[in-house]
Amino acid sequence: MGKNRRGNVPPGNAASAAGAGVSGAAAGAKEATAPPIAARSIGSHVSIRRGYAAAAKTALSIGGSAFQYFPKNPRSLELKMPYDRSDAAACAAFCREHGLPSIGHAPYPVNLAIDDQAKREAIRRALLNALDITDACGSIGLVVHFGKFSGPDPLQGYKNIIQLMNSVLTEYEGKALFLLENMAGEGSQIGTTFEELVHMRQLCAYPHKVGFCVDTCHLFASGYWNGGNWPEVERRGLELGFFEHVRAVHFNDSVYGSGERKDRHARIGHGRIGLPALRAALQSPALARVPFVLETEPGADGTHRDEIAFVRELAAGR
């Protein structure tokens, strides 16, 4: 989550250089075939104030066919122990009954790239707790920001990420995936490219437990996507084998322009990306089988009902 059109896709950075030999999937890249637009899952972030099952019911009641939630306090690394397992099971059952995919989102203080050992241990425990809840709710996975690193050697940041992912995933045995999310580049130079996410997954000891979440605002703000080069972005993702591991999309417009590296979400059609560019991503065959979740300001009624309906119209080309 996070608080719009020039330039080309940048060349790979240090992570790409370090793992260049692992991404040679170009020759085998295949064109994806999109299902009917009506089959696509579109929803928004919803509150768990009244519980996990109530959150799922709220998502459905506002016209959503997918949703995101915070499994625990988003502002804290404190554990949610105990949590209501019967409520989580009821959420999972409701979602199965209604074909309603969901994703959890890790707390904001989680930073996989951080050096501080005490904080890394707190993050490890918080992620295990959040993954457990997300799995109990029957969700696809837990979205985790790539992380920010401010040290002089970005390779150390990548090492920190891999080591912390391994320390979490060696203990975690659930079905919900650890979903790495691309970054906007605000306050850090790492985590903005498909190449980096692919390499982190490949270098992790448990790649089968890791997937990806694409944030459209972040992708645009970082400069990786400039609003007019979606075919190139899609081609590169297919060549890398990136899209086959994408399990969710954070569908957000951007307050700032492409390459400005500022993470501020705007309602769809109210930012700098532009509706034609957003439609191109929304209609992309490479993203056809994953839920699109809004992380924007709610409407006048306090929900995303109108914006969800608008996105469905956008997907249909109207």
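See the structure above.
A few points on the structure. Quick caveat, the model's predicted, so the values are computed rather than measured. (Residues numbered from 1 in each chain as written. Predicted model: local features only at pLDDT ≥ 70, side-chain atom pairs only at ≥ 80, totals over all residues. Heavy atoms only, no water.)

For the rest of this paragraph, the subject is the pattern of salt bridges. Throughout the structure, instances matching the rule amount to 9 salt bridges. Residues Asp132 and Arg85 are paired through a salt bridge, measuring 3.0 Å at the closest nitrogen-oxygen approach. Remark: Arg85 occurs in helix 3 (residues 85–98) and Asp132 occurs in helix 4 (residues 117–136); sequence separation between them is 47 residues. Between Arg264 and Glu186 there is a salt bridge; the shortest N-O distance is 3.1 Å. One end of the pair, Arg264, is in the loop between strand 8 (253–254) and strand 9 (265–266); the other, Glu186, is in the loop between strand 5 (177–181) and helix 6 (194–203), and 78 residues separate them in sequence. Accessibility expressed as a relative area gives 25% for Glu186, which makes it partly exposed. (Salt bridge = Lys/Arg side-chain N within 4 Å of Asp/Glu carboxyl O. Helix = DSSP H or I, 4+ residues; strand = E, 2+ residues; numbered from the N terminus. Buried < 20%, exposed > 50% of the residue type's maximum accessible area, 1.4 Å probe, protein only.)

A word on the packing of helix 9 (residues 275–282) against helix 10 (residues 305–315). Each packed pair of helices is defined by two parameters, the angle between the axes and the distance between the axes. At a closest axis distance of 9 Å, the pairing of helix 9 and helix 10 adopts a crossing angle of 80°. In terms of orientation, helix 9 lies roughly perpendicular with respect to helix 10. Counting all contacts with helix 9, which are made through Leu275, Leu278, Arg279 and Leu282, the residues of helix 10 involved are Phe310, Val311, Leu314 and Ala315. A breakdown of the residues in the contact of helix 9 with helix 10 according to their chemical character gives 7 nonpolar, no polar and 1 charged. (Axes fitted to C-alpha atoms, helices over the stretch in contact; angles between N-to-C directions. Parallel < 35°, antiparallel > 145°, perpendicular 65-115°, else oblique. Contact = heavy atoms within 4.5 Å. Nonpolar A, V, L, I, M, F, W, Y, C, P; charged D, E, K, R; others polar.)

Turning to unusual backbone geometry, a few remarks are in order. Cis geometry is found at the peptide bond from Met81 to Pro82, where omega equals -10°. Mapped onto the secondary structure, Pro82 falls in the loop between strand 2 (67–69) and helix 3. One non-glycine residue with positive phi stands out, namely Arg261, at about 55°. Assignment of secondary structure puts Arg261 in the loop between strand 8 and strand 9. Take Arg261: its relative accessible area is 24%, and that puts it in the partly exposed class.

As a further point, take the packing of helix 6 against helix 8 (residues 230–240). Viewed as axis vectors pointing N to C, helix 6 and helix 8 meet at an angle of 15°, and their least axial separation amounts to 10 Å. The orientation of helix 6 relative to helix 8 falls into the category roughly parallel. Note on packing geometry: the crossing formed by helix 6 with helix 8 is right-handed. Residues Phe194, Glu195 and Val198 of helix 6 touch helix 8, and the partners they reach there are Val233, Arg236, Gly237 and Leu240. Taken together, the residues of the contact of helix 6 with helix 8 break down into 4 nonpolar, 1 polar and 2 charged. (Left-handed = near helix turned anticlockwise from the far one by under 90°.)

Those residues of helix 10 not exposed but buried are Glu307, Ile308, Val311, Leu314 and Ala315. On an axial view of helix 10, the arc spanned by its buried residues comes to 115°, and they lie on one face. Just downstream of helix 10, Gly317 is the residue with a positive phi angle, here 85°. (Arc of directions from axis to C-beta.)

What follows deals with the environment of Pro276. With respect to the helices and strands, the residue Pro276 is situated in helix 9. Separated by 49 residues in the primary sequence, Pro276 and Gly227 have C-alpha atoms spaced 8.3 Å apart.

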